[in-house]
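What follows is each chain in one-letter form.
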Amino acid sequence: MTRILLLIMIISCFTCHSLEAQEKATPKNGEGIELFLKRFGRNGANYRKEFIRLNKGKFGKNNSLKLGVKYTLPPLQKKTAAPEAKNKTKKRHEPLFGPNYASYQIVSNELQGACFYLVSGHGGPDPGAIGRVGKHELHEDEYAYDVTLRIARNLLMRGAKVHIIIQDAKDGIRDQLYLSNSKRETCMGNHIPLNQVSRLKQRCDRINSLARREQIKYKRALFIHVDSRSKSKQTDVFFYHTGSRQSRKLASTMKSTFQKKYNHHQPGRGFKGTVSSRDLYVLRNTDPVSVFIEIGNIQNKYDQQRITISNNRQALANWISEAFVEDYKNSK
C-alpha cells in the first residue's frame, strides 16, 4: 500500500509539472510572437527562442502565428533580483542632509571606487564674506555649506565614498532663499578656531589624515567658497588649481561642463568663468588632488540669485558632480 501511495505521489508531481510546462493559448488577430508572449508575461529573447522550439511546425511564413492554433507557452521563470539592483534600490540615510533630504538611494555605480573630501569655506566663528538683500544678511559659510551638502548627496547616490569635512548638526540641505546664520559648524565634530591659519590647517590635517587611511586610488578634495567684490562686479563661477596636471585637468573639466550647461540653458549668454593656478594655503597643504571654487560674488545682485535660489544651488551641485564623474572616467 505504501509503495502504491508513493507511486501516485510521484506521478502527481510529474503531472503537475507537465501541466505547468504545457500551458497553451491562442493568439489574437494581428499578434506576432513578441506581443503574444508579452500578454502572458513572457518577455525577452529566451522566451521567444523556447516558444519557437516548443511549437515547431505550427507557424506560418517567417514564424507568423496562425489564428485558431493553440500554442504551447514556455514555463515562466522565477525572477531573481541581481545583487547590484538590490544595492541600488536600498535606502541610505545621512542625517547631515536634514529631514527632507536625509534619505537617498544609490542610483548608479559611476563613482564606485572614488573618494571625495568636501570642504565648505569658513564656518564656526567665521561667517566669511557677508552680502545683503534688503534686511537679510547673506553669510558665505551658510550658502557654501548648502551647495557642498548637495554635491555630497549627488556623489553618494553615484556610489562614491564622501567625507563632509565641515559639518552642522542642525542645518541640512535647505530650500529657503535666505538661510539663517549660525556659528554651530565644526570640523567633523571639532571646534573651528577663529585664527585663519589654525582654521585652514585644521581642515587640511583632517583631510590628509583620512586620505592616508583610504586604500583608494582616486581621491579628490573640493573647497567651495563665495567671493566678495564690488557690487557692480558680476562674475561667473571660477576655478583654482594647484598647478599639478591632475588638479588643472579637474578644474578644466569643471569649466567645460559649466560652458556646456550655459550653452544649453542660456544660449547666447556665454560663460566667462576662468581656470587658473593659485598658491592658496588649502591647495598647497592638501595631499589629495584638489580644486578651489568660487561660486559667485556675494555682493552682486545677479550673483546673489545664483546662491539664494535653491534650484540654482542644486544646479551648481549637479554640474560640479557631473564634472567629477567625467574626471573619474577619464582617470581610468
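Residues numbered from 1 in each chain as written. Predicted model: local features only at pLDDT ≥ 70, side-chain atom pairs only at ≥ 80, totals over all residues. Heavy atoms only, no water.

Participant: Which residues make up the layout of surface pockets, and what values go with them?
Facilitator: Considering only enclosed or pocket space, the largest pocket measures out at about 330 Å³ in volume. In terms of lining residues, the largest pocket is bounded by 14 residues, among which Tyr262, Gln266, Arg269, Arg306 and Asn312 are the most central. Secondary-structure elements contributing two or more residues to the lining of the largest pocket are α7 (245-265), α9 (301-308) and α10 (310-331). A class-by-class count of the residues in the lining of the largest pocket yields 6 nonpolar, 5 polar and 3 charged. Size it by volume and the second largest pocket reaches roughly 270 Å³. (1 Å grid on protein atoms, 1.4 Å probe; cavity = no way out; pocket = protein on both sides within 12 Å on 5 of 7 lines; lining within 4 Å. Points joined across faces, edges and corners; volume = space filled by probe spheres on them. Helix = DSSP H or I, 4+ residues; strand = E, 2+ residues; numbered from the N terminus. Nonpolar A, V, L, I, M, F, W, Y, C, P; charged D, E, K, R; others polar.)

Participant: Explain a nonpolar patch on the surface residue by residue, including any values.
Facilitator: On the surface, a nonpolar cluster with roughly 230 Å² of combined accessible area is contributed by Leu177, Tyr178 and Ile309. Secondary-structure assignment places leucine 177 in the loop between β9 (166-167) and β10 (186-187). Its relative accessible area of 41% is what places leucine 177 among the partly exposed residues. (Patch = residues over 30% accessible without salt bridge, like charges linked within 9 Å, V, L, I, M, F, W, Y side chains within 5 Å. Areas by Shrake-Rupley, 256 points an atom, 1.4 Å probe, with all protein chains shown as cover. Salt bridge = Lys/Arg side-chain N within 4 Å of Asp/Glu carboxyl O. Buried < 20%, exposed > 50% of the residue type's maximum accessible area, 1.4 Å probe, protein only.)

Participant: Any chance you could break down the sheet that holds strand β11 (residues 190-191) for me, citing the residues and the numbers?
Facilitator: Within a sheet, each strand pairs with its neighbour through backbone hydrogen bonds, oriented either parallel or antiparallel. Pairing within the open sheet is antiparallel, and its 3 strands lie in the order β9-β10-β11. Unpaired on one side and paired on the other, β9 and β11 mark the two borders of the sheet. In the sheet, β10 pairs with β11 via 2 bridges, with the strands oriented antiparallel. Its bridge partner lying in β11, threonine 186 is registered against histidine 191. (Pairing = 2+ DSSP bridges.)

Participant: Pulling in residues and values, what's your account of the pattern of salt bridges?
Facilitator: Note on pairing: side chains with opposite charge can pair once their charged atoms come close. Evaluated as defined, the whole model comprises 23 salt bridges. Salt-bridge contacts for arginine 42 lead to glutamate 23; the nearest nitrogen and oxygen are separated by 3.2 Å. Residue arginine 42 is located in the loop between α2 (33-39) and α3 (45-54), and its partner glutamate 23 is located in the loop between α1 (2-21) and β1 (24-25); the two are separated by 19 residues in the primary sequence. Across the pair aspartate 303 and arginine 306 runs a salt bridge, and its minimum N-O distance is 3.4 Å. Within this pair, aspartate 303 and its partner arginine 306 are both found in helix α9, separated by 3 residues, close to a single helical turn. With respect to class, aspartate 303 is no different from arginine 306; both count as buried. Three or more residues are tied together by salt bridges with common partners; here these are Glu142, Asp168, Asp171, Arg174 and Arg184.

Participant: How would you explain the packing of aromatic side chains if you had to name every residue and give the values?
Facilitator: All chains considered together, the criterion is met by 17 aromatic pairs. Here phenylalanine 258 and tryptophan 319 contribute two aromatic rings whose centre-to-centre distance is 5.3 Å and whose plane-to-plane angle is 85 degrees, an arrangement assigned as edge-to-face. Highlighted residues: phenylalanine 258 in helix α7 and tryptophan 319 in helix α10, separated in sequence by 61 residues. Each of the two residues, phenylalanine 258 as well as tryptophan 319, counts as buried. The interplanar angle of 45 degrees and the centroid separation of 5.0 Å between the aromatic rings of tyrosine 262 and phenylalanine 271 together place this pair among those described as tilted. (Phe/Tyr/Trp six-rings, centres within 6.5 Å; stacked < 30°, edge-to-face > 60°.)

Participant: Provide a residue-level description of the nonpolar core, including the pertinent values.
Facilitator: Residues Leu222, Met254 and Ile293 are the most contacted members of the largest nonpolar core, which totals 52 residues. Of all the elements in the fold, those that place two or more residues in this core are β5 (114-120), α5 (140-157), β8 (161-164), β12 (218-227), α7, β15 (289-297) and α10. Sorting elements by how many residues they give to this core places α5 first, with 10 residues. Beyond its immediate chain neighbours, meaning those up to four positions away, isoleucine 293 contacts Leu222, Phe223, Ile224, His225, Val237, Phe238, Phe239, Met254 and Ile320. In this structure, Ile165, Ala221, Phe223 and Leu280 belong to the second largest nonpolar core, which totals 20 residues. (Core = buried A, V, L, I, M, F, W, Y, C linked by side-chain atoms within 4.5 Å. Contact = heavy atoms within 4.5 Å.)

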